[in-house]
Amino acid sequence: MNLWISAAGLGAAFAGLTTAAVMHPSSAFGGAVRRGPAGTVSLTFDDGPDPTWTPQVLAALAALDVRASFFVLGDAAANHPELVTRIAAEGHRVEVHGANHRTVVFRSPAALNAELIGVVDRVEALTGRRPRWWRPPFGARPLLGANPTRAGLRLVTWSWSAKDYVLGAAASAALPEVRSGAIALLHDGAGAPSARARTLAALPILVANARAARLAVEPLPDPS
Ligand SMILES: [Zn+2]
């Protein structure tokens, strides 16, 4: 009997530890946002700015007359500050992807906060606006948590991916129906031409589908 109780207690304790390890990042962030406002579709671009692809994405968005959100890397922003300024000048919002594209899963909260604040400060210096959203590389959160509110950031992931990191697969009109509140994940960072061709091919289809569904294509609004 005692042995059974001990085993059950141990199991409960282990389950508690496991749950705590899984839940902690979520609670530390107040939960990740996966949906935008009803009636809208948000186009979001990760991994830039990139001197080859960001200007092509900006040209495509201008031709479609839509504004989007760009989740930049601090290192890339340092290398191409003029592109960060241009993104904002063309009416888009610049948000934070990370200091670089290494995963933050094992990063300490202190180191991560310092990195995020560094990127926020850099973007504000280039655009005049402090970013409000953070999407970690690969969408993977730090196991030890962090306090992105210190950097003024809220965690956001996505509801739909263009899968424009897949090589050699062209986007088609068979893209799924765009839903109200969708946050679409795309990329303007360095990538294979076939992958970025997929990005550029997906844009007019996404926007046409959104407009056909009477949804407004807008940047992700600031978190409340
Ligand atoms: Zn990324």
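Residues numbered from 1 in each chain as written. Predicted model: local features only at pLDDT ≥ 70, side-chain atom pairs only at ≥ 80, totals over all residues. Heavy atoms only, no water.

What about the environment of W133?
Next, step 1: With respect to the secondary-structure elements, W133 resides in strand β4 (residues 133–134).
Next, step 2: The exposure class assigned to W133 is buried, which follows from its relative accessible area of 5%.
Next, step 3: Excluding residues within four positions of it along the chain, W133 makes contact with V33, F71, E95, V96, L153, R154, L155, V156, L220, P221, D222 and P223. (Helix = DSSP H or I, 4+ residues; strand = E, 2+ residues; numbered from the N terminus. Buried < 20%, exposed > 50% of the residue type's maximum accessible area, 1.4 Å probe, protein only. Contact = heavy atoms within 4.5 Å.)

Digging into unusual backbone geometry
Next, step 1: Cis rather than trans, the peptide bond between G48 and P49 has omega equal to 0°.
Next, step 2: In this structure, P49 sits in the loop between β1 (40–46) and α2 (54–64).
Next, step 3: At F138, a position not held by glycine, the phi torsion is positive, near 65°.
Next, step 4: You can see F138 is positioned in the loop between β4 and β5 (154–155).
Next, step 5: Using a relative accessible area of 57% as the deciding quantity, one classes F138 as exposed.
Next, step 6: Positive phi outside glycine occurs at R214, with the angle close to 60°.
Next, step 7: Topologically, R214 is positioned in the loop between α6 (193–212) and β8 (216–217).
Next, step 8: The exposure class of R214 is exposed, given its relative accessible area of 78%.

Concerning the coordination of the zinc ion
Next, step 1: Taken together, the protein ligands of the zinc ion are D47 (OD), H97 (NE2) and H101 (NE2), with distances of 2.0 to 2.1 Å.
Next, step 2: Residue classification places H97 among the buried positions, given a relative accessible area of 1%. (Donors = N, O, S within 2.8 Å, 3.2 Å for Na, K, Ca; no water.)

Focus on helix α5 (residues 109–127)
It helps to recall that an α-helix has 3.6 residues per turn; residues three or four apart then point in one direction.
Next, step 1: Here α5 contains 19 residues, and its C-alpha end-to-end distance of 27 Å stays within 8% of the 27 Å for a straight helix at 1.5 Å per residue.
Next, step 2: All of the buried residues in α5 are L112, N113, L116, V119, V120 and V123. One face of α5 carries all of its buried residues, which in axial projection span an arc of 130°. α5 presents A110, A114 and A125 as exposed residues on the side facing more than 90 degrees away from its buried surface.
Next, step 3: In this structure, the buried residues of α5 make contact with β2 (69–73), α3 (74–79), β3 (93–98) and β4.
Next, step 4: Phi turns positive one or two residues past the end of α5, at G128, with a value near 85°. (Expected span 1.5 Å × (residues − 1). Arc of directions from axis to C-beta.)

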